[in-house]
Amino acid sequence: MALLEAENVRQCFGGLVALNGVSFEVRRGQIMAIIGPNGAGKTTLFNIVCGLINPTDGVVRMDGKVITGLKPFQIAALGVSRTFQNVSLFPHMTVLENVLVGRHLHGRAGLIGCALRLPTQRREEKAMVEQASRFLEEVGLAEKAQHSAGGLSLGQRRLVELARALGTEPRLLLLDEPASGLNTKETDNLAKTLRRIRDRGITLLMVEHDMSLVMDIADEILVLDFGVKIAEGPPAQVRSDPKVIAVYLGEKENVASG
Amino acid sequence: MVQALQYFFSGITVGSVYAIVAIGFNIIYSATGVLNFAQGEFVMLGGMVAITLASFLPVPVAVAVAVAIVTLFGCGLELVFFRRLRSHSILHMIIITIGLSIVIQELALHVWDEKVRSLPYFTGNEASSVKLLGAALSPQVIWVLGTAAIVVALLQLFYKRTLYGRAMRACSSNPEAAMLVGINTGNMRTAAFGLSAGLGALAGCVISPISMTHYEMGPGLAIKGFAAAVLGGLGNPMAAVVGGLMVGLIEAFSVSVIPSAFKDVAAFAILLAMLFLRPHGLFGRPSGVSVREV
Amino acid sequence: MNTTTRIWPRLAAFAAAAIVIQLSLGAAGKVYYLTQLTMAVYYAIVVMGLSLLMGYAGQVSLGHGAFFAIGGYTSAFLTTHNMAGCRGAAWFDLLDKCGVIVSRKSLYDDTLVLTVAPWLAFIVAVLLTVVIAAVIGYPSLRLRGHYLAMATLGFGLIIHCILIGSPVLGAADGITGVPSLSVGGLAVSGKSAVRVQNYYIAWAVAIAVLVLLRNLVESRMGRALRAIHDSEAAASAMGVNTPKLKLEVLMVSAALAAMAGSLLAHYNEGIGPSESSSFKSVRYLALVAAGGMANLEGALVVSTLLVFLSLRGWFGTYDNAVFGIILIAIVALAPQGPFRQLGLRMNRCRPLYKPGKEARSGAS
Ligand SMILES: Nc1ncnc2c1ncn2[C@@H]1O[C@H](COP(=O)(O)OP(=O)(O)OP(=O)(O)O)[C@@H](O)[C@H]1O
Ligand SMILES: [Mg+2]
């Protein structure tokens, strides 16, 4: 059984049909990429998968269990985590605290335990700080732990967001344009990090405009255009698909050479 | 039967005032995303200014001038507190309106003292009455209902037919796009505050002969107007009219069941029940967007 | 985070300041100032609770005056309402056997007055308020936007109406003759013989609340709260049960207001309906803002000072207006609070940051 299945997902905003009956599957251990021009409905699809939006129609299943209608925090508890296209860190908190929020699901201390600073809570806190620091190391930002998240560069903030999402120890990680705003060197590092994450057994679903990155690391590509799936398959196949080439006419070179 | 009819008319009379307050909420909410806690104060100010002016001006002129003054006051508030601070969060803007509500009340207390005042009846006096379907009504009731009806009709025309009204709607549904097509969203917000304040003031004038004007009347009106706005679905000005009338009617009829000192409880119970059951309003359907990505 | 080591010096500073103030007032022959100061410290507890809700979680409540009043009135009513007439009823005898009924002689004649024990009344007051807060908060906190503010405003108006309109609760005069609340030899009471003792009791309670709330905001739950304030969507996507947490925080905040209300009712030997007016609720908002929104120490210091001045009548007839203006001015001009720089220096666990564009528009 696929890890994530979407069936006939449809989303209307007033008169605008952002997604029109999209179905796909994400298999375990893969990196799957979603590409498509601006406004194709990629972010909307993410919002539906992680529960920020209830779709007008259609269902999404995780491990065969329907997750549409659940709240985002319930879906997160099932092992889905994400980053946001326009980086949504908690700017008034430190980098470490941001990642610690990602560890929230793995803590148990309640309001009263926290207020009384019970020994169990203190132990848990210490362990959480250690784990969070490890995730920061993984993305190479350990030395920024005590900096304010609002003051970092865009590339660094994307990485913090990645660490925060990893902090939830997801089985499925949704990345919305993780490479936008990064320079070439940062993008190369990102590719390595993403492969490492996949090799650890985390399934990745990412939206990305950087074709060379997508062609490089994706195992499977889904192409959306105006809310409709127009192609799906391994990079080599998608690259030569005439419909995809037609959509990306302006970027034909890019796709072909990517 | 006649008793019920009497309740009915008193319900739709106060209801139309709630409706206008609810429309005021909606106008500002859709233009700025702010719930304006000083909405009731516009009503109070309209009444108070008109009463003061009426001592040396004919009533119609006093009302017109009062509405104009409060409209300018509303625009001024936007210019001073919100235009400068647009980058602040919605939370901060809401808190500012809360502060404004208190300061305006205190100001009114010092300018007009705590006496309950009222405008003279627009036609006739307390004693005169007109018969409608067997119920004896004060002529002022006709004034209130007529004014509310005209306001709603004109607003409808304004939003649907005029360029300015359409621009205002565009601003609320998609501010970035509106800005891109060359609409000055800042001016639209100022206009929204002015319009909302002016409508409130007008309501404050027409209702003054019936339910009096008092410096502390604002918050109570605001909460009922808000209940009406939620009934209709926040962001939908015309549905707010139905919401307002319903709140008014429920309040009026509740008097026959619970002591009238507690009739405000009814409005609040409606508000809570709505938030529980149908937060998107009686007519709206859930937009499906529970939290927008920021 | 690891702030336990850093909070103690600051607590010592608070304690030292409290002692210095008491001694110097004694030396200046103005011990009666301690009465207003004690009251101000109790009000500061409400403000710290509201700071948790508004400054940290980003939710506005205009019902804290009402929560305070419910706490105070419940205590006052239960400890003054004579239940002598209920003797013989099964429930009354049961309560009596549990030792929660106290008796005393009426002030006016020699009749026996039987009431609920003050400590039990205190507990009932806090629990009742928490339940009410949950009923108001549950529907309004599930929604996006600031419905809680409106719902609590309406709630406050209703409570005010009910208090003024209920003869059992003393209508416009409120309840008087509330006995003292004594626990283990200490008595919360307004008698001038125990004025100094009560001044320290108030500080002890306030500092205990400060420590608990500080622990809270620096913990797992506190981080989740602050995350909700910055971006509810992101917090929820990271697994924070946002509606539940917001509701719990409202309940904690209301409980603190009720606690202060109950203690003050005992200290003042009575309570009146003006406590529930919307002016009072807005005053608490203003004090949270003046303290620096998300700054518990600031809330404690600033509200003790400003409420003391207000109780001494410094603001004359412009009392409410002053707080309204403070609220507007601070939120409009210095939303981080007037002590932001100072606070950051005191509060080194949160390093200096430069909020980018995103930070400023984050909550919208
Ligand atoms: N909350 C919303 N309300 C109304 N319309 C929306 C909303 N979210 C998205 N849309 C619209 O849905 C369409 C798809 O948007 P979406 O953000 O999913 O595109 P995208 O593929 O992610 O594009 P991009 O590459 O620019 O990120 C767009 O036309 C957008 O304006
Ligand atoms: Mg997108």
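Residues numbered from 1 in each chain as written. Chains lettered and ligands numbered in written order. Predicted model: local features only at pLDDT ≥ 70, side-chain atom pairs only at ≥ 80, totals over all residues. Heavy atoms only, no water.

### What about a positive patch on the surface?
Residues and elements named next belong to chain B.
Logical step 1: Together, Lys 160, Arg 161, Arg 166 and Arg 169 make up a positively charged patch on the protein surface.
Logical step 2: Put simply, the parts of the chain that give the positive patch at least two residues each are α5 (139–161) and α6 (163–173).
Logical step 3: In this fold, Lys 160 is placed in helix α5. (Patch = residues over 30% accessible without salt bridge, like charges linked within 9 Å, V, L, I, M, F, W, Y side chains within 5 Å. Areas by Shrake-Rupley, 256 points an atom, 1.4 Å probe, with all protein chains shown as cover. Salt bridge = Lys/Arg side-chain N within 4 Å of Asp/Glu carboxyl O. Lys, Arg positive; Asp, Glu negative; His and termini not counted. Charge placed at Lys NZ, Arg CZ, Asp CG, Glu CD. Helix = DSSP H or I, 4+ residues; strand = E, 2+ residues; numbered from the N terminus.)

### Focus: the site of ligand 1
Residue and element names in this part refer to chain A.
Logical step 1: By nearness alone, 13 residues border ligand 1, and Gly 39, Lys 42, Thr 43, Thr 44 and Gln 85 come closest of all.
Logical step 2: A distance of 2.9 Å is found between an oxygen atom of ligand 1 and a backbone nitrogen or oxygen belonging to Gly 41.
Logical step 3: A distance of 3.0 Å separates an oxygen atom of ligand 1 from a polar side-chain atom of His 209.
Logical step 4: About the coverage of ligand 1: the protein hides 67% of its 640 Å² of free accessible area.
Logical step 5: Only β2 (16–26) and α1 (42–49) provide two or more residues apiece to the shell around ligand 1.
Logical step 6: It is α1 that contributes the most residues to the shell around ligand 1, 3 residues altogether.
Logical step 7: Counted by class, the shell around ligand 1 contains 4 nonpolar, 7 polar and 2 charged residues. (Near = heavy atom within 4 Å. Polar contact = N/O pair within 3.5 Å; in protein donor to acceptor, adjacent residues only side chain to side chain. Nonpolar A, V, L, I, M, F, W, Y, C, P; charged D, E, K, R; others polar.)

### A look at the coordination of the magnesium ion (ligand 2)
In an ideal tetrahedron of four donors about a metal, each angle is 109.5 degrees. In an ideal octahedron of six donors, the angles are 90 or 180 degrees.
Residues and elements named next belong to chain A.
Logical step 1: Those donors, Thr 43 (OG1) and Gln 85 (OE1), are the protein atoms that reach the magnesium ion (ligand 2), and they lie 1.9 to 2.1 Å from it. With Thr 43 in helix α1 and Gln 85 in the loop between β6 (80–82) and α3 (95–102), the pair connects residues that are 42 residues apart, well separated along the chain.
Logical step 2: On the basis of relative accessibility, which here comes to 17%, the residue Thr 43 falls in the buried class.
Logical step 3: For Gln 85, a relative accessible area of 30% gives the class partly exposed. (Donors = N, O, S within 2.8 Å, 3.2 Å for Na, K, Ca; no water. Buried < 20%, exposed > 50% of the residue type's maximum accessible area, 1.4 Å probe, protein only.)

### Side note on empty space enclosed by the protein
Logical step 1: In total, this model carries 3 cavities of 30 Å³ or more according to the counting rule given.
Logical step 2: For the largest cavity, the calculated volume is near 80 Å³.
Logical step 3: Within the residue set of the lining of the largest cavity, elements represented by two or more residues are α4 (90–112) of chain B together with α11 (278–291) of chain C.
Logical step 4: If one sorts the elements of the lining of the largest cavity by residue count, α4 of chain B sits on top with 4 residues.
Logical step 5: Put simply, the second largest cavity is a space of about 60 Å³.
Logical step 6: Taken together, Thr 83, Arg 158, Leu 159, Glu 161, Leu 162, Leu 175, Pro 178 and Leu 190 of chain A make up the full set of residues lining the second largest cavity. (1 Å grid on protein atoms, 1.4 Å probe; cavity = no way out; pocket = protein on both sides within 12 Å on 5 of 7 lines; lining within 4 Å. Points joined across faces, edges and corners; volume = space filled by probe spheres on them.)

### A closer look at the packing of aromatic side chains
Aromatic ring pairs are described here by two measures, namely the spacing of the ring centres and the angle between the planes.
Logical step 1: Tallied over the full model, the rule gives 18 aromatic pairs over all chains.
Logical step 2: Relative to Tyr 147 of chain C, the ring of Phe 226 of chain B has its centre 6.0 Å away and its plane inclined at 55°; by these criteria the two rings are tilted. Of this pair, Phe 226 of chain B sits in helix α9 (residues 217–232) while Tyr 147 of chain C sits in helix α6 (residues 147–165), each in a different chain.
Logical step 3: Relative accessible area serves as the criterion here: at 10%, Tyr 147 of chain C is assigned to the buried category.
Logical step 4: Ring-pair connections join several aromatic residues into one group, and the members of that group are Phe 25 and Phe 226 of chain B together with Tyr 147 of chain C.
Logical step 5: Sitting over the face of the ring of Phe 84 of chain A, Arg 82 of chain A holds its NZ or CZ atom 4.2 Å from the ring centroid.
Logical step 6: One residue, Arg 164 of chain A, lies across the ring of Phe 90 of chain A, its end atom 4.7 Å from the ring centre. (Phe/Tyr/Trp six-rings, centres within 6.5 Å; stacked < 30°, edge-to-face > 60°. Lys NZ or Arg CZ within 6 Å of the ring centre and 35° of its normal.)

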